[in-house]
Amino acid sequence: MTAPTSSLLHDRGRFEAYAWRLMRLSGILIIPLVFVHLAIMHLFNSVYTIDYQWVVEKRWALLGWRIYDAFLLWFAGLHGFNGLRNVLKDYVHHKLVYRGIVIAMLTVMMAVLGLGTIALIGAPFSPVF
Amino acid sequence: MDIRLRIRRFNPEVDQESYWAEYDLKDVQPVDRVLDLLEHVKGHIDGTLGLRRSCGHGICGSDAMRINGQNMLACKVLVRNLVQGDKGTIQVEPMLGLPVIKDLIVDMEPFFEHYRAVVPYFINDDPAPERERLQRPAERERFDEGTKCILCAACTTSCPSFWADRTYIGPAAIVQAHRFIFDGRDTAGDSRLAILASEKGVWRCRTIFNCTMACPREIPVTQLIAEVKKAIGKQKP
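Structural notes on the environment of R136 of chain B
All names here are of chain B. One can find R136 in the loop between α2 (109–117) and α3 (137–141). Residue R136 is classed as exposed on the basis of its relative accessible area, which comes to 59%. Placed 37 residues apart in sequence, R136 and A173 show a C-alpha to C-alpha distance of 26 Å.

Regarding the sheet that holds strand β4 (residues 70–73) of chain B
Within a beta sheet, neighbouring strands are joined by backbone hydrogen bonds and run either parallel or antiparallel to one another. All names here are of chain B. With respect to topology, 5 strands assemble into an open sheet ordered β2-β1-β5-β3-β4, the strand pairing being mixed. Each end of this open sheet is capped by a strand with a single partner; those strands are β2 (19–25) and β4. Strand-to-strand twist in this sheet, taken as the mean axis angle between neighbours without regard to direction, amounts to 35°. As paired elements, strand β3 (residues 64–67) and strand β5 (residues 87–93) share 2 bridges and run antiparallel to each other. Of the residues in β5, the one forming a bridge with I67 is V92.

Some thoughts on a positive patch on the surface
Judged by side-chain charge, R21 and R24 of chain A together with K230 and K234 of chain B come together as a positively charged surface patch. For the positive patch, the secondary-structure elements that each account for two or more residues are α1 (15–43) of chain A together with α8 (221–234) of chain B. Position of K234 of chain B among the secondary structure elements: in helix α8. Accessibility expressed as a relative area gives 69% for K234 of chain B, which makes it exposed.

Examining the pattern of salt bridges
The final tally for this structure, using the stated rule, is 23 salt bridges over all chains. A salt bridge links R9 of chain B to D46 of chain B; the nearest nitrogen and oxygen atoms lie 2.7 Å apart. Of this pair, R9 of chain B sits in strand β1 (residues 2–9) while D46 of chain B sits in the loop between α1 (34–45) and β3, and the two are 37 residues apart along the sequence. Residue classification places D46 of chain B among the partly exposed positions, given a relative accessible area of 22%. A salt bridge links R116 of chain B to E109 of chain B, with the shortest nitrogen-to-oxygen separation between them at 2.5 Å. When salt bridges that share partners are traced, they join E16, R85 and K89 of chain A together with E199 of chain B into one network.

Considerations on α2 of chain B
All names here are of chain B. Taken together, the buried positions of α2 are F111, H114, Y115 and A117. Buried residues in α2, looked at end-on, bunch into an arc of 160°, giving them a common side. Turning to α2, the residues buried within the fold contact α4 (160–164), α5 (171–181) and α6 (189–196). Taken from the residues just after α2, V119 is the one with a positive phi, measuring 50°.

Remarks on the packing of aromatic side chains
Taken as a whole, this structure holds 5 aromatic pairs over all chains when the rule is applied. A ring pair is formed by F71 of chain A and F75 of chain A, whose centres lie 5.7 Å apart and whose planes are at 10°; its orientation type is stacked. Of the two residues, F71 of chain A and F75 of chain A are both situated in helix α3 (residues 63–91); the distance of 4 residues between them amounts to about one turn of the helix. A relative accessible area of 17% means that F75 of chain A is categorised as buried. Three or more aromatic residues joined by ring pairs make a cluster, and in this case those are F111, F112 and Y115 of chain B. Between the NZ or CZ atom of R66 of chain A and the centre of the ring of W60 of chain A, over which it lies, the distance is 3.9 Å. Over the ring of F180 of chain B we find R179 of chain B; its NZ or CZ atom is 4.3 Å from the centre of that ring.

A word on the domain arrangement of chain B
Reports often express the size of an interface as the amount of accessible area lost when the parts come together. Residue and element names in this part refer to chain B. Domain boundaries in chain B define domain 1 (2–105) and domain 2 (108–234). Measuring from the centre of the C-alpha atoms in domain 1 to the corresponding centre in domain 2 gives 29 Å. Listed as interface residues are 16 residues of domain 1 and, on the opposing side, 16 residues of domain 2. When the two sides are added together, the surface that domain 1 and domain 2 hide from each other amounts to roughly 1300 Å², 61% of it contributed by carbon and sulfur. Contact with domain 2 buries surface across domain 1, with N71, G97 and L98 losing the most and accounting together for 38% of the total. Between the two partners, domain 1 and domain 2, sit 0 salt bridges.

About the thresholds
- Residues numbered from 1 in each chain as written.
- Chains lettered and ligands numbered in written order.
- Predicted model: local features only at pLDDT ≥ 70, side-chain atom pairs only at ≥ 80, totals over all residues.
- Heavy atoms only, no water.
- Helix = DSSP H or I, 4+ residues; strand = E, 2+ residues; numbered from the N terminus.
- Buried < 20%, exposed > 50% of the residue type's maximum accessible area, 1.4 Å probe, protein only.
- Pairing = 2+ DSSP bridges.
- Axes fitted to C-alpha atoms, helices over the stretch in contact; angles between N-to-C directions.
- Patch = residues over 30% accessible without salt bridge, like charges linked within 9 Å, V, L, I, M, F, W, Y side chains within 5 Å.
- Areas by Shrake-Rupley, 256 points an atom, 1.4 Å probe, with all protein chains shown as cover.
- Salt bridge = Lys/Arg side-chain N within 4 Å of Asp/Glu carboxyl O.
- Lys, Arg positive; Asp, Glu negative; His and termini not counted.
- Charge placed at Lys NZ, Arg CZ, Asp CG, Glu CD.
- Arc of directions from axis to C-beta.
- Contact = heavy atoms within 4.5 Å.
- Phe/Tyr/Trp six-rings, centres within 6.5 Å; stacked < 30°, edge-to-face > 60°.
- Lys NZ or Arg CZ within 6 Å of the ring centre and 35° of its normal.
- Domains from an automatic or database assignment.
- Buried area = accessible area lost by both parts, 1.4 Å probe.

So this is what it looks like as structure tokens:
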């Protein structure tokens, strides 16, 4: 008897395996990132204390916080995008429609992640008070 | 006990749409099974009721149906597990996600097509030893849970991913594949993993756990699916 094959299932790409790993890894990392973020924003500070000056002096001035926020942005963005792609895959069965929506989503995601990263890490910025 | 039995009925020769039929049953015992109630309706009230049953003891898996919104075997669930007090209502409908043939009978062929897709039989081209292919108890235990499956389809038809996409191979087929993938005597595990790594394979699973809750054999279905996912992840590209 030879190795089994199936006519029902033929696509054997590795992408979904990597995507599954990404979901597990980003899901685990998001938990501490989000809870620390929530604690800083809503427990230790509030809408009355968080303003332009606070962000510049307490957050943006320290490279560590900017990297922290970039991680949060990337992990939440990738996790959310891939989750949405999975939900789409369940309900959109027309291949071209599915591809079109995913390309649109991918474009938005890249724009959000790209602009966010530039704002956090790369952009030259001189605070104005 | 007084039980109002609501049954989702559909006769393709007469009905345009399915509908709820209600039967008021008197003197129901708390230890009666739902199957007993259905057989009472079929035997004494309306002989046209269609349902599958065979062994009646939770072994053959032919009477899986949706009872009070959850997939169960009608022969394994007692009235007292569903109704407290002297009176109550029990609602019975066919499993979701498979075409209804008549009343509680669904067409199982799409389910078995997925089952066959994972090549659920022992494969080993090596010459058979004189007596048998030996295996340690720990090696047997590795795939023990999957051997309990009775192919009732309660898991697959409780899965929202399957409801949304009927081409998803479904939990039952993955459990059947798991049984051979983790059997050290079988040599076709990698091929089965490749089949399950496809677009309609294990990746459609969202870890919702409906399958685990529905399984009348108490197989940890979601865990077995996760083990297959991990095994695919460890495969060399």
